[in-house]
Amino acid sequence: DRPLRELAGRQLLIGTAVDHAAYTSDATYRARVGTEFNSITAENVMKWEVVEPERGQLDFSAADELMTAARRNGQQVRGHTLVWHNQLPAWLTQGVESGDIDATELRGILRRHIIDEVGHFRGRIHQWDVANEVIDDNGQLRDTIWLRELGPGYIADAFRWAHQADPRAKLFLNDYNVEGISAKSDAYLALARDLLRQRVPVHGFGAQGHYGVQYGFHSASEVAANFARFEKLGLETAVTEADVRMIMPTDNVKLQAQAQGYSVLLQGCLLARRCNSFTVWGFTDKYSWVPGWFEGEGAANLLDENFAAKPAYRELQAVLALA
Ligand SMILES: OC[C@H]1CNC[C@@H](O)[C@@H]1O[C@@H]1O[C@H](CO)[C@@H](O[C@@H]2O[C@H](CO)[C@@H](O[C@@H]3O[C@H](CO)[C@@H](O)[C@H](O)[C@H]3O)[C@H](O)[C@H]2O)[C@H](O)[C@H]1O
């Protein structure tokens, strides 16, 4: 049984999100992360609420543990994420709400955060998700604390500060519901074009790839055609958070359909010219964000809760073996 990283070889980074608590407490989980994947993303411990729980008190201890593990396992690391409207520390959101932190101060805080975090991991991060989920499903800039307080320029600023702190890291835009051609991916194309025109150091576009069996999937050629538009601008592309959830209970039809969902994302990436990284957002149903977020849904991953291979895992092995 050849692990995914062996089948992917040098043609593709095949990665997973890593749950730090599971990694430190579950030996089977830890071993499988090392044997199966040549890239990892911290599922939560590089997010702002974790790395700066109190203002000025930086805590990279959990993230550093994952970095050490990645080095031991010969894995690349995707950094996730610098600017997002979720998982922000309470001191920051309350400071803005109360008016204690005004726009000028907030801009300085954002700059400090990016330079501190990117600087801390300088030279050890392959790709950074700099701006995460900054456009809503209607194709408008998402109405967040960042847009409200700082205006649309915060996105360009974030990329410039990240590049300043680590000129070698590839800097990505990242979002969900942008796997195919849609008003949302069109808006990202326009945003990327605009940033590049301003000579902002943007290097890549990441499509998260959170699918649901009940919603159906794009075709691999549509995913590749969408990625090709960004690659034409000189950007790299990546699938950054693939999972395919289903309405429970599972059955063989849903499990087969799930395998197709993973397959179109991987084949779409392989068909694209500059898609060099394919990451799943967790790989076992034992540890998954889905049941806590989507009531009555689950079983979104490649392996079941006992780490046994599901049809989706076999499908990815087959696609990589043929690639
Ligand atoms: O939502 C799925 C993706 C979508 N794209 C961006 C990507 O970053 C996002 O990942 C998910 O992002 C979610 C938050 O938005 C994460 O969920 C958080 O995951 C955290 C760590 O497990 C949880 O924090 C724990 O909460 C526990 C109980 O509430 C506390 O006891 C723990 O101390 C605390 O760490 C948060 O409540 C929970 O909301 C998921 O694990 C993570 O998979």
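For the structure, see preceding data.
Small disclaimer: the values here were computed from a predicted structure and weren't measured. (Residues numbered from 1 in each chain as written. Predicted model: local features only at pLDDT ≥ 70, side-chain atom pairs only at ≥ 80, totals over all residues. Heavy atoms only, no water.)

**Digging into the layout of surface pockets**
Its volume calculated, the largest pocket comes out at about 690 Å³. Around the largest pocket, the lining comprises 30 residues; the ones closest to its centre are Glu133, Tyr176, Gln208, His210 and Trp289. Breaking the lining of the largest pocket down by element, the ones donating at least two residues are strand E7 (210-212) and strand E8 (236-247). If one sorts the elements of the lining of the largest pocket by residue count, E7 sits on top with 3 residues. Classifying every residue of the lining of the largest pocket gives 9 nonpolar, 14 polar and 7 charged. (1 Å grid on protein atoms, 1.4 Å probe; cavity = no way out; pocket = protein on both sides within 12 Å on 5 of 7 lines; lining within 4 Å. Points joined across faces, edges and corners; volume = space filled by probe spheres on them. Helix = DSSP H or I, 4+ residues; strand = E, 2+ residues; numbered from the N terminus. Nonpolar A, V, L, I, M, F, W, Y, C, P; charged D, E, K, R; others polar.)

**A closer look at the pairing of E8**
With 11 of 12 residues buried, E8 is to be regarded as a mostly interior element. As paired strands, strand E6 (residues 204-207) and E8 are joined by 4 bridges and run parallel to one another. When the bridges of E8 are listed, Phe205 appears paired with Thr237. Relative to E8, E7 runs parallel, the two sharing 3 bridges. Paired with Gly212 across the strands is Arg245, a residue of E8. Relative to strand E9 (residues 275-280), E8 runs parallel, the two sharing 3 bridges. Considered in E9, the bridge of Val239 is made with Phe278. In terms of handedness, the path from E8 via helix H12 (residues 252-271) over to E9 forms a crossover that is right-handed. (Buried < 20%, exposed > 50% of the residue type's maximum accessible area, 1.4 Å probe, protein only. Pairing = 2+ DSSP bridges. Right-handed = clockwise from strand over helix to strand, strands pointing away.)

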